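Each chain, written out:
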Amino acid sequence: MIRVRQMKKIYRVGEEEIRALRGVDLHVGKNEMIAVMGASGSGKSTLMNIIGCLDKPTEGSYELDGHDVSKMSEASLALVRNEKIGFVFQSFELLARQTALENVELPLIYSREAGLTSRERTRRALHALNRVRLADRVSHRPNQLSGGQKQRVAIARAILNKPAILMADEPTGNLDSVTTTEIMEIFRQLHAEGQTVLIVTHENEVAAYCQRVIRLRDGLVLSDLPVAQDQAGQVIA
Ligand SMILES: Nc1ncnc2c1ncn2[C@@H]1O[C@H](COP(=O)(O)OP(=O)(O)OP(=O)(O)O)[C@@H](O)[C@H]1O
Ligand SMILES: [Mg+2]
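I will try to describe carefully the structure that is included in this document. (Residues numbered from 1 in each chain as written. Chains lettered and ligands numbered in written order. Predicted model: local features only at pLDDT ≥ 70, side-chain atom pairs only at ≥ 80, totals over all residues. Heavy atoms only, no water.)

Re the packing of aromatic side chains
Following the criterion strictly, the structure yields one aromatic pair and no others. Measuring from ring centre to ring centre gives 4.7 Å for Phe87 and Phe89, while their planes differ by 5°; the resulting arrangement is stacked. (Phe/Tyr/Trp six-rings, centres within 6.5 Å; stacked < 30°, edge-to-face > 60°.)

Quick word on the packing of helix α4 (residues 118-131) against helix α5 (residues 147-159)
With their axes 8 Å apart at the nearest point, α4 and α5 run at an angle of 130° to one another. Between α4 and α5, the interaxial angle falls into the category oblique. The hand of the α4/α5 crossing is right-handed. Where α4 abuts α5, its residues Ala128, Leu129 and Arg131 lie against Val153, Ala156 and Ile159. Its residues assigned to classes, the contact of α4 with α5 shows five nonpolar, no polar and one charged. (Axes fitted to C-alpha atoms, helices over the stretch in contact; angles between N-to-C directions. Helix = DSSP H or I, 4+ residues; strand = E, 2+ residues; numbered from the N terminus. Parallel < 35°, antiparallel > 145°, perpendicular 65-115°, else oblique. Left-handed = near helix turned anticlockwise from the far one by under 90°. Contact = heavy atoms within 4.5 Å. Nonpolar A, V, L, I, M, F, W, Y, C, P; charged D, E, K, R; others polar.)

Brief notes about the sheet that holds strand β1 (residues 2-13)
Spatial strand order, β2-β1-β4-β5: four strands in an open sheet with antiparallel pairing. Two strands lie at the open edges of the sheet, namely β2 (16-28) and β5 (67-68), each paired on one side alone. Where β1 lies against β2, 10 bridges are found, and the strand directions are antiparallel. Paired with Lys9 across the strands is Leu21, a residue of β2. (Pairing = 2+ DSSP bridges.)

Some remarks on the sheet that holds strand β3 (residues 33-37)
Sheets are built from strands that pair by backbone hydrogen bonding, the pairs being arranged parallel or antiparallel. If you trace the six strands from one edge of the open sheet to the other, you get β6-β7-β8-β3-β9-β10, paired in mixed fashion. Single-partner strands in this sheet number two, and they are β6 (85-89) and β10 (220-226). Between one strand axis and the next, the sheet turns by 15° as a mean value, whatever way the strands run. Summarising the sheet, strand β9 (residues 212-217) and β10 pair through six bridges and their orientation is antiparallel. Bridge assignment links Arg215 to a residue of β10, and that residue is Ser223. Of the strands in this sheet, β6 and β7 (165-169) are in contact with helix α2 (residues 74-84), which crosses β6 at around 80°.

Description of the site of ligand 1
The environment of ligand 1 is made up of 14 residues, and the closest members are Ser40, Gly41, Lys44, Ser45 and Thr46. Between Gly43 and ligand 1, the recorded distance is 3.1 Å, taken from a backbone N or O atom to an oxygen atom. His202 is positioned such that a nitrogen or oxygen atom in its side chain is 3.2 Å from an oxygen atom of ligand 1. Notes on ligand 1: free accessible area 640 Å², of which the protein chains cover 62%. Breaking the shell around ligand 1 down by element, the ones donating at least two residues are β1, β2 and α1 (44-51). For the shell around ligand 1, the element with the most residues is α1, which contributes three residues. Class assignment for the residues of the shell around ligand 1 results in five nonpolar, seven polar and two charged. (Near = heavy atom within 4 Å. Polar contact = N/O pair within 3.5 Å; in protein donor to acceptor, adjacent residues only side chain to side chain. Areas by Shrake-Rupley, 256 points an atom, 1.4 Å probe, with all protein chains shown as cover.)

Details of the pattern of salt bridges
Within this structure, the stated rule accounts for 15 salt bridges. Here Glu105 makes a salt bridge to Arg121, at a shortest N to O gap of 4.0 Å. Taken as a pair, Glu105 in helix α3 (residues 100-110) and Arg121 in helix α4 lie far apart in primary sequence, 16 residues in all. Given a relative accessible area of 17%, Arg121 falls into the buried group. Within the structure, one salt-bridge network assembled from shared partners comprises Arg12, Glu17 and Arg19. (Salt bridge = Lys/Arg side-chain N within 4 Å of Asp/Glu carboxyl O. Buried < 20%, exposed > 50% of the residue type's maximum accessible area, 1.4 Å probe, protein only.)

What to know about the environment of Leu145
Here Leu145 lies in the loop between α4 and α5. With relative accessibility at 9%, the residue Leu145 sits in the buried group. The sequence separation of Leu145 and Ala100 amounts to 45 residues, and the corresponding C-alpha distance is 9.0 Å. Beyond its immediate stretch of four places on either side in the chain, Leu145 contacts Arg137, His140, Lys150 and Val153.

Following this line, the structure appears as structure tokens:
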């Protein structure tokens, strides 16, 4: 599904070169659920943004669903992103003036399927909102929703186009622990239905929902191990 080889990302800020990724190799198979962990600044978001086709590597190859996307033009990359990637962010990134339903419909308006009737768009968006158990909040705007509900709207939007991979960068970073559990139960359910999931997190509690933990340090993979838990439920990968 995903194969990354010797991926490097160098940011240039004025005279300075920042080596955010220094040669990352990894493979993600279909229907895996993986946590990406590591200290602040270790390159997690940089890696996620490249895997999510929001950015391009400076060096190295990246194969997504059989296509080498590392050398694609911005325009082709945007198409791949729309078709194959669902992205969930720590800060939800919902449009404040739009309802939950309108927020979820958005990717359909910009997709290859732009010719869909508004009735069909609504039908699909309602289906996605149902899957995150928010059918009773479709007309609410973000400021009328709790943090967990906002994140569920964002997840509904991310799964709308049936992405090959669902990615989340600290999706529970702004949520309390009860709400974190609620959100992770949704990821667990989507994974059980066949979804491939990649989650950046600082929390062991979140990593415990995953089967594998990839740890980054200073732009390199430090370890890539199956999740094991001790008797207290602590992740010991
Ligand atoms: N657009 C950018 N321009 C320049 N440097 C950047 C840019 N984005 C990230 N960096 C730098 O690259 C390194 C990796 O950043 P990244 O955001 O990937 O870390 P992270 O592991 O996601 O950290 P956090 O846990 O704090 O979110 C950091 O040193 C950061 O300052
Ligand atoms: Mg980050």
